[in-house]
Every structure is written in C-alpha cells, then in structure tokens.
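# Working through the structure, step by step
Okay, here's what each chain looks like letter by letter:
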Amino acid sequence: MTDSIHAIPRRRALLLAAGAGAALAAPGIARAQTFPERPITLLVPFATGGYNDRLARAMAPFVQKHIGQPVTVVNRPGGGTVLGNTFYMQQPDDGYMVMVHSAGPYIPLSILTRNARYKADDFHMINLPSRDLTLAACATSKGINSIDEVVQRLKADPRSLSIGVQPASADLINMALWMQAHGIDRSRVRVVTYDGGGPARTATAGGHVDVGFVGGEGFLPIKDRIKPLLLFSDEKSTDYPDAPLLTDHARAAGFQPQSVDGSQRGFVVLKRFVAAQPERYAILLRAIEAATKDPECVSTLGNQQLATTWYGPEASNRAYLSSAALMERYADLLKQA
Amino acid sequence: MIDFPAFGAALNMLGGSLDAWIWVVPGLLIGLLFGALPGISVSMAMALVLPATLYMDFLPAIIFLTSVYTGAGFGGSIPAVLINIPGTSSAVATTFDGYPMAQKGLHNEALGAALVSSCIGVLISYVILFVLVQPLAEIVLRIGPYEMAAIGIWGLVLLGSIGGSSVTKGLFAAGIGVLCGTVGMNTAGYMRGDMGIPWLLDGVPTIPAMVGLLAASQLFALVNAKFIVADESKRTISLRRIIAGGGLVLGSPVALLRGSFIGVFIGAVPGVGSSIANLISYGEARRVSPDPESYGKGNPRGLIAAESANSSSEGGSMATMLALGIPGGGATAILLASFAMHNVIGGPRFMEQNRDIVYAIIISNFAQALILLLVGTAFVFVASTVVRLPLRYLIPSVLVMSTMGAFAIEGSIAGPITLFVFAVLGWLMSRYGFPVAAIVVGLLLGKLIETELLRAWQLAGGDPLYILEHPVAVGILVLMAVSLGLSLRRDIRRRRALKAASAVA
C-alpha cells in the first residue's frame, strides 16, 4: 500500500523532470523568440496622475508597438514605494512586468528610512530619462532677493527664517549638506516638514514658510509666484534659466559642492531577472530603446513635458548607484529632520 | 471680473460641439455607481476612467471627468442614507441624519433632499468659482498650519461627542479615532504604531476602516430586524415624496447656503477637501441650531448641511486647481493628470490664456448640476428599492460589496483585513454604548490636526506665543471658545429650567 501511494508522486516527479529536461534542451533562441507571448505590465509604485504614472501611460503605446504585445499600466502606491517594490520583488522573473519608477531616490530612501528589506543593488535600471533637481525657492511676496541673503540671515540667527522640506528626501540631504557647508546649525533652524512635494510647494508659494527646498519641476505651473534662489545642479536648467547653480554658489562661498538628484525616473527591472533571463532582458531592452528613440514618441512625450533621453542601462545604473551611495553616506542627515 | 468675450466663446464652444455633451450623462452615471459602491472613492472612480480620456479631445475629456466627479460626489450619499454606510469618505456626516430618516420610512424624502442639496451645492460652488476664482485662490493659499489646525480642532470639538449616550464616552471614542488616525509615518518622518507591518506605513487605510466601523455597528444591530424600515406601509418608493424631499431643501435656505460656503472654502484648501468639509458643515449646523438634540435623529437640516458641503467642495477644489495649478486632493490631481495627458499644463497661465476653455468647463458644470437632478432622481428611485429588500439578503450583499470595495481601494488584502478589524471594534464599541461616529470623526480629523499642529510647532520653533502672529487662527479659536461657552450656558439654563419644571410638578 505504501508503495502505491509513493508510486504516483514518483511517476509525477519523473514526468516533471522529463518536462524540465525538454525545456532545457530546447534551443535558447527558439524560446526567446516566443517572448513575449502575453501582455506586458508597467508597474508604477505611485498613485495615478504623478510623473511616473504619466510617463508609463505615455510610453505604453510605443513600447507596445516595438514589443508586439499589449502594454498596460498598473499602479501600486503606498509606503513611499515600499509596497510597490516589495510586490515587484515577489513576482516571477519572467519579464512580463517592468517598473516605471523614481528609482532614485525612492529605492535607497525606503531602505534607509523605512527599513525596507530589499537592497538598492537588487534593482537594475534600463533607462532613467528624467531627473528632477532640488530647488530652493521663496514666495515672490517674501522679498528675499538671493540665496546669499538667506545664508546671511541664517548665519546671523538660525531662527530668523523658516524652511520647508520633505522629511526622508533627497531635498533634505541637499539642504543639510548646504547648511553644513555654511556652518549653519541645522538643529536651531526652524525646519517645517511636509509629507509630499505638493504640500511643500503650496507652503512655499503661500508663504507659510520663508524658503522651501523641493523638487523644481512641480513648481512649473506656479512659476510666477516663486523666486528660484538656488538650483542644486552643476548645469543650467531650461526650466529655470535664471536660477543660480549650486556649483557657482559653492565656488563663491569656497566649499566643495555636493548634491544628490531629486528624482531619477524611468524603466526598472530586477537584477535577478537580468541574470536569470538574459535573452528576455535583451528583448525588453531593445523594445524600450526603440520606443524611447521613436520620433513619434519623442514628439508626443515632449509635448507632455515628459523626458525621452536615452542614456542606456550602463549610464543609468551608474547614476542610480552613485546617488544611492551618496544617500547611504549621508543617511544620518536624514534621521534628524 | 467676468470676461464676457471669453464667456461668449465658451458658449460657442459648447454649443457647437456634440462631443462636449455626450459624455455628461455616462460620466454622471459612472460617478453615481462607483460613488454608491462602498469603498470606491471619488478620486478612484475618476482614476478608473482616466485612461479612457486619453482618446478624447481635451474639453470632452475634462467634462467627462468632472461629470464623474459630480456624480460620485452625490453617489456616496445613497448608501449613506439607505444603509448607513458612506459610499465615500465625503458622505460620513450624511449618515448622521440621513439614515435615521430612512429608518423612520422617510428614505424618499432623505434621498430627495440629499440630491437637491447636492445639485444646488455644485451650482453655488461653480457660481462662486465663476465670479471669485482668483480672490478665493489667493485666500486659500494663505491658509497655513495654524489656521488649518484651528479649523480641525473646531471640527473635533463640534463633533467629538456626537451621537453618544454621554459626553465622556463620546470623547473616549473620538480619542480612539485620533489615535488610529496617527498610525503610520507622521509629517516629520517618524514611524508610529505600524507594528512592522508595511501596509501601515501610510497609516490605517481610512475608507475600509470607516466602512468597517459604520457598517458593522449598523448591520449587527439589524440582525433581528427583517427590513431597514420596520413599518411595512412606509416601505414605499415614491417619486412624489422624493420631490417633496427636494422641497425640504428649498425650505431651509440658510442651512443650504451655510453648507455650500463652508464646502467651497474648505474644499478649496489643498489637502483637506470634502471629507472634512461635510463634517465641519454638519457640526456648524448642529451648533447654531436652536434644537441640537434633534440632530442625529433624522433632522433633514443635518442632511442638507452635510450634502451641500460635500458637493460644493468640488467647485472649491477646482478653484485651487485652475487658479494655482495645485491639486487640492485626489480628484483634482487626476484632472491635472488629464490636463497633462492632453499636453496642457494647468495653472494660472492656463487660466489667463484659455479663459474660454475654463468658462466652458464651468458652464458645463452648471449643466451637469441640472442634469444630475434628473439622472440622480432616476438613480435614487431605483436604488431605494433597497428598503424593500429583506435584510437577510441585504446584509450579506452589503458585506460582500464592502469587502470587495476595501480590496479594490487598497489593491491588496490589507483593505479587507482593516475592514474586519474595524468592524469588530465598531461592534464592540456600539455594543457598550460608545458612539462609532465619533471614532470616524477622530480618524478623519486626527491626522489633519496632528500634522498641522506639528508644523505649527516647527514653524514657531517651539515658541507658543508665535500663534499671535496668526490672527485668523486666534480668531477661530476665540470664536470657538465663545460659542462653546454660550452653548454650555444654554445647556445649564435649560437643565435648570427642566429641574425647576419637574420640581413644580
């Protein structure tokens, strides 16, 4: 009796082994050509309507055109992308789901400040076309004329100006490094925290706080109400051509400029998948590259203020990992908002 | 302030385009249906249809989305009145008097009153938007943490002890609500009470928690009943009585106008919106009423106050979005996304350069309010057949739908789990005479008050006297203290008079 019970599983195991053997024996190219054989999902770890969501939805028809399968967008917001990232880690490595993500700073930040269980290195960037930079700005009604004036007043009395910023953000790191460089005691400055870029911008434009440190892109619709004081970048921005740059500001003040990108957004997969399914990864990479460079895509997305620059995996991963490393280095700055 | 040439152009734009009109009724119906399903919020209904708008022209797309917005704003009130479960978080205060009315067999009147107050609320809010969009946006932008904290505290004081057998039990329940509302990451980035569960990083999911609390306390109480309306002769569905309910609204113009203004104003404040507006409006209506005890027992004025405020917040948040480009909440964020999908950046420049389009959107919303009156009446007429459904069918269906809604809104099992945990809490609380509504109020207002107070404290750098630099906030708090003092004195006098009367007898 025991034999008969065991017999079935053994036979099943044999069949399974045979099947697996057959799959392994099948030529890799033949298998690769069947991918993708069902729709691809773009996973956005944010709610509908944000930059990543718009980017994913705008790119979807072009990726679809170049990969030959329908492409749909799914949102899984929450927990500063922890929920979306964790969900993505649980998916099979079959290449049917690709993230559209503000990988930097959200992945490293969620690890440093929300104890997420994945590592920055678990993710692989296909292309990060969009970057957003921290902008220090004040309401035009505030009568603050320059960043030097802000430095002067904060140096004379750290309590003289209130500063609005998001906790656990690249903006906070940039603000902290900037204050450190000027020898301003951050613990004495009146730092007001906002749980989101939107509220921080409203508070800046409404003059609730004197100066706001927050991603510059979101300020564009209310550009007329704010005065850009300092852009945390080393190159001129087309959005804020008149904003002083951190590099120039630092040179004048005599310190080494250091900053992290506010957001690096684009297509992300898991490193695990790249290693396990190199052919499928190559197909995805080719399709996303072709879609990004598609002239129709470039013009459509350009009209929607969405970026379509092709940096490729190598440059994108380098940018992502270096900003993740910087954030890790300054992790303690994040913990004392 | 009205640009007449642009107004004319807007009329032409709407008059000459069938596209701009064919989406209104489908939009309203989608909104009504999703709004009425417990757990699907206004912004979620809009998010669901957002991808479809990619294939429309700009104006029809925005009109379609605002139709869904308008429809969902009222849709949430239907289950609030009929089964005491707000379909959206904006309809919480609607349950306070709407459901008692339904229980008395006044469901037709209650739904009629809710519909008419909603339609008029939308109308008034868009009239204000039409005339005062710029000044309103300017005022709203100045409202900082001090003012918001004061408004939130006012709301909590007005409603903290709602519907309970005693004030202490009410305050205890509100305290539990506030505590639950502060779970998750606070605005300064500190985690509290998340117990290591990633689903709690953003706090307790409000809508499943709210549905759980209200549904469970209600449905368990109904276990021995056979129908929502006990008296069989009153279980009628009558168009005449729905219209008569609408008539009630016209008989209370003060409640209607007060609610609409509160709704426009609070709805316009970024990050606050209709779920707070309906509570504050209800609280105010109850405070100024000569007969506050009748509230919560089926006073149509409470229903009118709640409904006019939650609907008029739509116009308020549209004002902030159009004049400043700032999304006040989820719904306007989706509208802005749709703008972006059509290569349009919302904000002051859009308003200046495309005044005709803005007017077309506003005029279309006037029309939507009127069309909602018709579509809504038909919808309500069908929906109110619920009162004829035996509870042994209704209760399980509602539970299943709430669970699915909770799953839909969270996109994970965290929603249903929250629903069940809070259902048990709600049942326990109501079993021992604690007002469940006060927990919901605490849950909704607690987070707001905590966030704003913390920012106020940061802004002051720890100096309590800094509040003196915010006269509006001080004004609100003083007004609150005075009004509390007055109502306390009134209560004491009334009690004395009662005592004297009973002593004489």
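A quick note: this is a predicted structure, and the numbers were derived from the prediction, not measured.

Here the focus is the overall build of chain A. Secondary structure summary: chain A contains 14 helices and ten strands in total. Across the 337 residues that make up chain A, the buried fraction comes to 56%. For chain A, the share of sequence-separated contacts (at least 6 apart) that also reach a separation of at least 24 residues comes to 77%. Surface exposure of chain A reaches about 14500 Å², of which carbon and sulfur atoms provide 53%.

This part is about the pairing of strand β3 (residues 97–102) of chain A. All names here are of chain A. For β3, the buried fraction is high: six of the six residues fall into the buried class. By the alternation rule, side chains of β3 split into M97, M99 and H101 and V98, V100 and S102, which are all buried. As paired strands, strand β1 (residues 40–44) and β3 are joined by three bridges and run parallel to one another. Across the sheet, residue T41 finds its bridge partner in β3, namely M97. Pairing between β3 and strand β10 (residues 263–270): three bridges, direction antiparallel. Among the inter-strand pairings, M99 is bridged to a residue of β10, identified as V268.

The terminal C-alpha atoms of helix α17 (residues 355–383) of chain B, which comprises 29 residues, lie 39 Å apart, in line with the 42 Å expected from a rise of 1.5 Å per residue. Within α17 of chain B, the axis deviates most sharply at L372 of chain B, by approximately 30°.

Residue and element names in this part refer to chain A. Reading across from one edge, β2-β1-β3-β10-β4 is the order of the five strands in this open sheet, with mixed pairing throughout. Edge positions in the sheet fall to β2 (71–75) and β4 (123–132), since each of these pairs with one other strand and no more. On average, adjacent strands in this sheet sit at an angle of 25° to one another, irrespective of strand direction. As paired elements, β4 and β10 share seven bridges and run antiparallel to each other. Residue pairing across strands places R131 opposite Q264, the latter belonging to β10. The strands touched by helix α3 (residues 51–67) within the sheet are β1, β2, β3, β4 and β10, with β2 carrying the most contacts at an inclination of about 160°.

Before going further, it helps to spend a moment on the nonpolar core. Core analysis: the largest hydrophobic core is formed by 178 residues, its most contacted members being M46, I78 and L279 of chain B. Excluding residues within four positions of it along the chain, L279 of chain B makes contact with V92, A93, F96, L159, V441, L444 and L445 of chain B. By size, the runner-up hydrophobic cluster in this structure holds 53 residues, among which are A103, I107, A120 and F273 of chain A.

All names here are of chain B. When the domains of chain B are assigned, the result is domain 1 (7–469) and domain 2 (470–505). If you average the C-alpha positions of domain 1 and of domain 2, the two centres end up 30 Å apart. On the domain 2 side, the residues contacting the 16 residues of domain 1 number 13 residues. By the criterion of area lost to domain 2, the three top residues of domain 1 are E147, W154 and I467, representing 35% of everything that side buries.

If you walk through the whole model with that rule in mind, you get 17 aromatic pairs over all chains. Through successive ring pairs, a cluster of aromatic residues spans F7, F130, Y359 and F366 of chain B. The cationic tip of R201 of chain A hangs over the ring face of F219 of chain A; the distance from NZ or CZ to the ring centre is 5.8 Å. A cation over an aromatic ring shows up here: K223 of chain A above the ring of Y240 of chain A, its NZ or CZ 5.6 Å from the ring centre.

Each value, and the rule that gives it
- Residues numbered from 1 in each chain as written.
- Chains lettered and ligands numbered in written order.
- Predicted model: local features only at pLDDT ≥ 70, side-chain atom pairs only at ≥ 80, totals over all residues.
- Heavy atoms only, no water.
- Helix = DSSP H or I, 4+ residues; strand = E, 2+ residues; numbered from the N terminus.
- Buried < 20%, exposed > 50% of the residue type's maximum accessible area, 1.4 Å probe, protein only.
- Contact = heavy atoms within 4.5 Å.
- Areas by Shrake-Rupley, 256 points an atom, 1.4 Å probe, with all protein chains shown as cover.
- Pairing = 2+ DSSP bridges.
- Expected span 1.5 Å × (residues − 1).
- Bend = angle between axes of the 7 residues up to and from the residue.
- Axes fitted to C-alpha atoms, helices over the stretch in contact; angles between N-to-C directions.
- Core = buried A, V, L, I, M, F, W, Y, C linked by side-chain atoms within 4.5 Å.
- Domains from an automatic or database assignment.
- Buried area = accessible area lost by both parts, 1.4 Å probe.
- Phe/Tyr/Trp six-rings, centres within 6.5 Å; stacked < 30°, edge-to-face > 60°.
- Lys NZ or Arg CZ within 6 Å of the ring centre and 35° of its normal.

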